[in-house]
Amino acid sequence: MILKIVKYPEPVLQQPGEPVAEFDAELRKFVADMFETMYASQGIGLAAQQVGVAKRITVIDLSLGKDPAQKLVLINPEIIEREGKQYEEEGCLSFPEIREKIPRAAKVRIRAQNEKGKWFEMDGEELLSRAFQHEIDHLDGVVFIFRMSALKRDLNLRKIRKMQREGTW
Ligand SMILES: [Zn+2]
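Residues numbered from 1 in each chain as written. Predicted model: local features only at pLDDT ≥ 70, side-chain atom pairs only at ≥ 80, totals over all residues. Heavy atoms only, no water.

Enquirer: Honestly, the pairing of strand β7 (residues 119–125) in this entry has me stumped. Any pointers?
Expert: Working note: regular strand, side chains alternate between the two faces of the sheet. Pairing of strand β6 (residues 107–113) with β7 involves seven bridges; the strand directions are antiparallel. Among the inter-strand pairings, Arg109 is bridged to a residue of β7, identified as Asp123. The antiparallel hairpin formed by β6 and β7 contains five residues in its connecting segment, where Gly117 sits at a positive phi of about 95°. (Pairing = 2+ DSSP bridges. Helix = DSSP H or I, 4+ residues; strand = E, 2+ residues; numbered from the N terminus.)

Structural data, given as structure tokens:
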């Protein structure tokens with residue numbers, strides 16, 4: 001089932017997610033719906049907040065659904081190591097048409113549970129590292145405009161308000 005993706009400034013986007021405690025059929029159905037929703041929008045990552053649910057669940061697939069081995073489900077994830085710096089462009093399904101460079105760690109190691117509740121660790125570099133940081137930010141209630149410089153943030157907020165007035169947001 002394709003879920004509705006909420007756009008900024010929907011309040012749930014700035015709500016930190018509740019940890020997941022039940023690894024049941026309902027969770028697996030929700031995760032499957034998140035993948036379906038993300039693929040339908042050509043995204044590489046989607047956080048539960050973006051479909052209106054403040055829980056610590058995110059899905060990532062850098063292959064856009066082409067390679068099943070790249071499907072990642074991160075439940076209750078946290079970043080346990082960060083190394084180096086990168087400054088590359090990011091987009092977000094909750095901010096259509098906004099793309100901006102965001103300062104991030106070059107490499108991160110994350111710890112998360114899979115949809116069965118099993119803990120695992122994983123390293124990410126470059127795009128995967130950015131996806132981990134962007135999505136885990138969502139789970140903390142942090143959207144990427146708040147990682148931009150004040151100048152860029154204001155420019156983008158103005159652009160959003162203009163699109164809202166024109167009914168294109
Ligand atoms: Zn996002």
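The discussion continues.
Enquirer: Looking at this structure, how should I read the pairing of strand β3 (residues 72–83)?
Expert: Here strand β2 (residues 57–60) runs beside β3; their pairing, made up of four bridges, is antiparallel. Among the inter-strand pairings, Val59 is bridged to a residue of β3, identified as Val73. Across six bridges, the pairing between β3 and β6 is antiparallel. Its bridge partner being in β6, Glu83 is matched across the sheet by Lys107.

Enquirer: Any chance you could explain the environment of Thr58 here in plain terms?
Expert: By secondary structure assignment, the location of Thr58 is in strand β2. Judged by relative accessible area, which is 0%, Thr58 ranks as buried. Each C-alpha atom of the pair Thr58 and Ala48 lies 6.0 Å from the other, and the pair is ten residues apart in sequence. Every residue in contact with Thr58, bar those within four places of it in the chain, is listed here: Met34, Leu46, Ala47, Leu72, Val73, Leu74, Pro77, Glu135 and Leu139. Polar contacts involving the side chain of Thr58 include one to the main-chain carbonyl oxygen of Leu46, which spans 2.9 Å. (Buried < 20%, exposed > 50% of the residue type's maximum accessible area, 1.4 Å probe, protein only. Contact = heavy atoms within 4.5 Å. Polar contact = N/O pair within 3.5 Å; in protein donor to acceptor, adjacent residues only side chain to side chain.)

By themselves these figures say nothing about function.
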